[in-house]
Amino acid sequence: MATEVLVNDGGAPARILPFTAGSAVTAGRLVTLAGDGKVDHSGVNAHNAIGVALTDAAADGDIMSVVTGKGVILNVAVSGTMDEGKLLKVTANGVLVTGTDATLALSGTSYAVCLELGTGTGVRMVKCLMRN
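Residues numbered from 1 in each chain as written. Predicted model: local features only at pLDDT ≥ 70, side-chain atom pairs only at ≥ 80, totals over all residues. Heavy atoms only, no water.

### Some points on the overall build of the protein chain
A count of helical and extended segments in the protein chain gives 1 helix and 11 strands. When the helices and strands of the protein chain are placed in sequence order, the string is β-β-β-β-β-β-β-β-β-α-β-β. Here the protein chain, with 132 residues, has 38% of them falling under the buried criterion. Long-range pairs, those at least 24 residues apart, make up 58% of the contacts in the protein chain with a sequence separation of at least 6. About 6,200 Å² of surface is accessible on the protein chain, with carbon and sulfur atoms providing 53% of the total. (Helix = DSSP H or I, 4+ residues; strand = E, 2+ residues; numbered from the N terminus. Buried < 20%, exposed > 50% of the residue type's maximum accessible area, 1.4 Å probe, protein only. Contact = heavy atoms within 4.5 Å. Areas by Shrake-Rupley, 256 points an atom, 1.4 Å probe, with all protein chains shown as cover.)

Here is the structure:
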């Protein structure tokens, strides 16, 4: 992968943990621990994401690393318009998008604060401050 996921651990609040993938997983995307104990991309408006995939997993059963921790700065997969300081929520396949700040703060579905400006139609990596 051309862009590193971990930018700054903010004085080591990050934990990098090994998990077994439940399917192919792409580094930089939000992931959720499924009922079978395996990790998959988080779904739309997920409330139970555990962190961001640090490494790719090619298939079910592969061992992969996940970065967890509040205050960690990561390059995360996003789509759409990004504005500095905006809260981000998860959409399909663990990709983050800008949400309505008031709604996200109350619903518990915001996972990051965007630290860069930009627009794009495809999935790309953007620097974010993780909230959980």
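Alright, that's what it looks like, and here's the rest.
### Comments concerning the pattern of salt bridges
Under the counting rule described, the total for this entry stands at 1 salt bridge. Among the salt bridges present, the one from Lys38 reaches Asp60, with a minimum N-O distance of 2.8 Å. With Lys38 in the loop between strand E3 (30-33) and strand E4 (39-41) and Asp60 in the loop between strand E5 (49-53) and strand E6 (63-68), the pair connects residues that are 22 residues apart, well separated along the chain. (Salt bridge = Lys/Arg side-chain N within 4 Å of Asp/Glu carboxyl O.)

### Digging into unusual backbone geometry
Of note in this structure, Asn93 is not a glycine but carries a positive phi near 60°. Considering the arrangement of structural elements, one finds Asn93 in the loop between strand E8 (87-90) and strand E9 (96-98).

### Concerning the environment of Leu129
Mapped onto the fold, Leu129 is located in strand E11 (residues 124-130). Leave out the neighbours within four places in its chain, and Leu129 touches Gly71, Val72, Ile73, Tyr111, Ala112, Val113 and Leu115.

### Let's talk about the nonpolar core
Grouped together as the largest cluster of nonpolar side chains are 22 residues, with contacts concentrated most on Leu30, Val52, Leu74, Val76, Leu88, Leu96 and Met130. The set of elements that each furnish at least two residues to this core consists of E5, strand E7 (73-78), E8, strand E10 (110-114) and E11. Non-local contacts of Met130, meaning those with residues more than four positions away in its chain, are made with Leu30, Val52, Gly69, Lys70, Gly71, Val72, Leu74, Val76, Tyr111 and Ala112. Counting residues in each nonpolar core, the second largest holds 9 residues, with Phe19, Val25, Val39 and Val66 among its members. (Core = buried A, V, L, I, M, F, W, Y, C linked by side-chain atoms within 4.5 Å.)

### Details of the side chain of Thr68
Relative to the helices and strands, Thr68 resides in strand E6. Beyond its immediate chain neighbours, meaning those up to four positions away, Thr68 contacts Pro13, Ala14, Arg15, Leu17, Ile50 and Gly51.

### Notes on the sheet that holds E3
Ordered by their spatial adjacency, 5 strands build an open sheet running E2-E6-E5-E3-E4, and the pairing between neighbours is antiparallel. Strands with a single pairing partner mark the edges of an open sheet, and in this sheet they are strand E2 (15-20) and E4. Sheet twist, expressed as the average angle between the axes of neighbouring strands with direction ignored, equals 45°. Sheet analysis places E3 next to E4, joined by 3 bridges and oriented antiparallel. (Pairing = 2+ DSSP bridges. Axes fitted to C-alpha atoms, helices over the stretch in contact; angles between N-to-C directions.)

### Some remarks on the confidence of the model for the protein chain
Per-residue confidence for the protein chain gives a mean pLDDT of 87; residues scoring 70 or more make up 88%. Within the protein chain, helix H1 (residues 101-107) has the poorest average pLDDT of any element, 56, and E4 the best, 97. (pLDDT = per-residue confidence, 0-100.)

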